[in-house]
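Working through the structure, step by step
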Amino acid sequence: MNKVCDLLGIKYPIIQGGMAWVATAPLASAVSNAGGLGIIAAGNAPKDAIRKEIEDCKKMTDKPYGVNVMLLSPFVDDIIDLVIEEKVPVITTGAGNPGKYMDRLKEAGIKVVPVVPSKAIAMKMEKMGATAVIAEGTESGGHVGELTTMVLVPQVVDAVSIPVIAAGGIADGRGVAASFALGAQGVQIGTRFICSDECTAHQNYKEMVINAKERDAVVTGRSTGHPVRSLKNKLSKEFEKQEKNGASVEELEKLGVGGLRIAYQDGDKDKGSFMSGQIASMIKDIKPCEEIIQSLMNEATKIMEEIKM
Ligand code: TUI
């Protein structure tokens, strides 16, 4: 039995990425119903908005699901209260250290799976009582670390005893098999699920991912200390220009704020921040989550059986 499946009570070791705005109840419940772990992303949203997503998700699936807590959110304390009140089975965390909430979460029986960008932070999370860690390489979308998935995952695997879930640059069965070869026991997949039928993002967001070429998922905002990977467009170019011209962190953050909502809701291809992983250029179609997960598993199983022979 796979340890990640065992710990999380799921059929396949596939965890959906906690994509702010994009990961709502319809997507999360579809992934959970298909045998993975669907995730509702709290992002920067207030408590009541996420409570509604949790309630909707519970109506649409009786399988385990999770909430991604974005630790830079101004509402993070409220979101922690919420996941405890709602008895959410699993949380993933991003963009920081969930340490100060760990005791309360564990006491409430919530499994905590932090996203980590380095071996050092993974070891810290294990000590604090994390159930597993997600080692997320810089290929991923949104807020990124420095190390690639290829370099990060085996080092985290060697450094901790809890299960490691690989993330960043995975969208097909080859990526799943490669992750297992590196010692991971599960994968977190984000960008591939944007291009699912159940994802509630604007059609233009899905088109941006499908039309992306191999070097289109670019990182901006390194100078602010919060580097973000998104698809190249007018906004990313303007951001890059202002960054080169020495704009202040405040000016840059003002330019970036709200971009994700514009991408998700309005689908404005010029003004939106279309956060996406590098793997966007390999995604060519929009399918139901069930089909995505089935082909990931079939392809990965076939590769792993070929290795056995
Ligand atoms: O969190 C993500 N991806 C995200 S968050 C996000 S919303 C946002 N928007 C603008 C600026 C910042 C965030 C969009 N995409 N991925 C997981 C992730 N976590 N990547 C890196 C980290 C991380 C970084 C530092 C995790 C822990 C950490 O710990 C530092 C410490 O305190 O030791």
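Residues numbered from 1 in each chain as written. Predicted model: local features only at pLDDT ≥ 70, side-chain atom pairs only at ≥ 80, totals over all residues. Heavy atoms only, no water.

1. A look at the site of the ligand
Around the ligand there are 16 residues in total, and Ala95, Gly96, Val115, Glu136 and His143 lie nearest to it. Contact between the ligand and Lys124: an oxygen atom at 3.3 Å from a side-chain N or O atom of the residue. Summarising the interface, the protein chains cover 75% of the accessible area of the ligand, which totals 720 Å² for the free molecule. When residues of the shell around the ligand are traced back to their parent elements, those giving at least two are α6 (119-127) and β7 (142-143). Partitioned by chemical class, the residues of the shell around the ligand number eight nonpolar, six polar and two charged. When residues of the shell around the ligand are assigned to domains, at least three fall in each of domain 1 (3-200) and domain 2 (203-280). (Near = heavy atom within 4 Å. Polar contact = N/O pair within 3.5 Å; in protein donor to acceptor, adjacent residues only side chain to side chain. Areas by Shrake-Rupley, 256 points an atom, 1.4 Å probe, with all protein chains shown as cover. Helix = DSSP H or I, 4+ residues; strand = E, 2+ residues; numbered from the N terminus. Nonpolar A, V, L, I, M, F, W, Y, C, P; charged D, E, K, R; others polar. Domains from an automatic or database assignment.)

2. What about the nonpolar core?
Judged by nonpolar contacts, the single largest core of 78 residues is most densely connected at Ile14, Phe193 and Tyr205. Per-element tally for this core: the top contributor is helix α14 (residues 289-308), with six residues. Those residues in contact with Ile14 that sit more than four places away from it in its chain are Gly36, Leu37, Val187, Ile189, Phe193, Ile293, Leu296 and Met297. Grouped together as the second largest cluster of nonpolar side chains are 14 residues, Leu8, Ile15, Val113 and Ile134 included. (Core = buried A, V, L, I, M, F, W, Y, C linked by side-chain atoms within 4.5 Å. Buried < 20%, exposed > 50% of the residue type's maximum accessible area, 1.4 Å probe, protein only. Contact = heavy atoms within 4.5 Å.)

3. Points about the packing of aromatic side chains
Each pair of aromatic rings is reported with the distance of its centres and the angle of its planes. Within the structure shown, the criterion is met by two aromatic pairs. Between Trp21 and Tyr264, the aromatic rings sit 5.8 Å apart at their centres with planes inclined by 35 degrees, giving tilted as the arrangement. Taken together, the residues Trp21 in the loop between β1 (14-16) and α2 (25-33) and Tyr264 in helix α13 (residues 259-266) connect sequence positions 243 residues apart. (Phe/Tyr/Trp six-rings, centres within 6.5 Å; stacked < 30°, edge-to-face > 60°.)

4. Side note on the pairing of strand β2 (residues 38-41)
Here β2 shows two buried faces, one formed by Gly38 and Ile40 and the other by Ile39 and Ala41. Note that β2 and strand β3 (residues 65-70) share four bridges and pair parallel. Across the sheet, Ile39 pairs through a bridge with Gly66, a residue of β3. Read from β2 through helix α3 (residues 47-60) to β3, the crossover connection turns out right-handed. (Pairing = 2+ DSSP bridges. Right-handed = clockwise from strand over helix to strand, strands pointing away.)

5. Comments concerning helix α11 (residues 234-244)
Every buried residue of α11 is listed here: Leu235, Ser236, Phe239 and Glu243. The arc that holds the buried residues of α11, viewed along the axis, is 95 degrees, so those residues lie on one side. α11 presents Lys234, Lys237 and Lys244 as exposed residues on the side facing more than 90 degrees away from its buried surface. A side-chain oxygen of the first residue of α11 lies 3.2 Å from the backbone nitrogen of Leu235; this N-cap is Asn233. Immediately downstream of α11, the backbone of Gly246 shows phi near 75 degrees, a positive value. (Arc of directions from axis to C-beta.)

6. A short note on the environment of Ala171
Locating Ala171 in the fold gives a position in the loop between β8 (164-167) and α8 (173-181). Along the sequence, Ala171 and Val69 sit 102 residues apart, while their C-alpha atoms lie 23 Å from each other. If we ignore the near neighbours within four places in the chain, the residues touching Ala171 are Arg192, Ile279, Ile283 and Leu296.

7. A word on the sheet that holds β8
Read across the open sheet, the eight strands follow the order β1-β9-β8-β6-β5-β4-β3-β2; overall the sheet is parallel. This sheet does not close on itself; its edge strands, each paired only once, are β1 and β2. Within the sheet, the average angular offset between the axes of one strand and its neighbour, ignoring direction, is 25 degrees. In terms of strand pairing, β8 meets strand β9 (residues 186-189) through three bridges, oriented parallel. If you follow Ala166 over to β9, its bridge partner there is Val187. Against the sheet, α2 touches β1, β2 and β3, its axis set at about 165 degrees to β2. (Axes fitted to C-alpha atoms, helices over the stretch in contact; angles between N-to-C directions.)

8. A few points about the domain arrangement of the chain
For the chain, the assigned domains are domain 1 (3-200) and domain 2 (203-280). At the interface, 23 residues of domain 1 touch 21 residues of domain 2. Of the roughly 1800 Å² buried between domain 1 and domain 2, counting both surfaces, carbon and sulfur atoms make up 66%. Across the contact surface, domain 1 and domain 2 share one salt bridge. (Buried area = accessible area lost by both parts, 1.4 Å probe. Salt bridge = Lys/Arg side-chain N within 4 Å of Asp/Glu carboxyl O.)

9. Quick notes on the packing of α6 against helix α7 (residues 149-159)
At their nearest, the axes of α6 and α7 sit 9 Å apart, and the two run at 35 degrees to each other. Helix-helix and strand crossings are classified by hand; for α6 and α7 the assignment is right-handed. Here Lys119, Ala122, Met123 and Glu126 of α6 come into contact with α7, specifically with Leu152, Gln155, Val156 and Ala159. Tallied by class, residues from the contact of α6 with α7 come to five nonpolar, one polar and two charged. (Left-handed = near helix turned anticlockwise from the far one by under 90°.)

10. Examining a nonpolar patch on the surface
Taken together, the side chains of Leu147, Met150 and Val151 present a nonpolar region at the surface, about 270 Å² in accessible area. Within the secondary structure, Met150 sits in helix α7. By relative accessible area, which is 60% here, Met150 ends up exposed. (Patch = residues over 30% accessible without salt bridge, like charges linked within 9 Å, V, L, I, M, F, W, Y side chains within 5 Å.)

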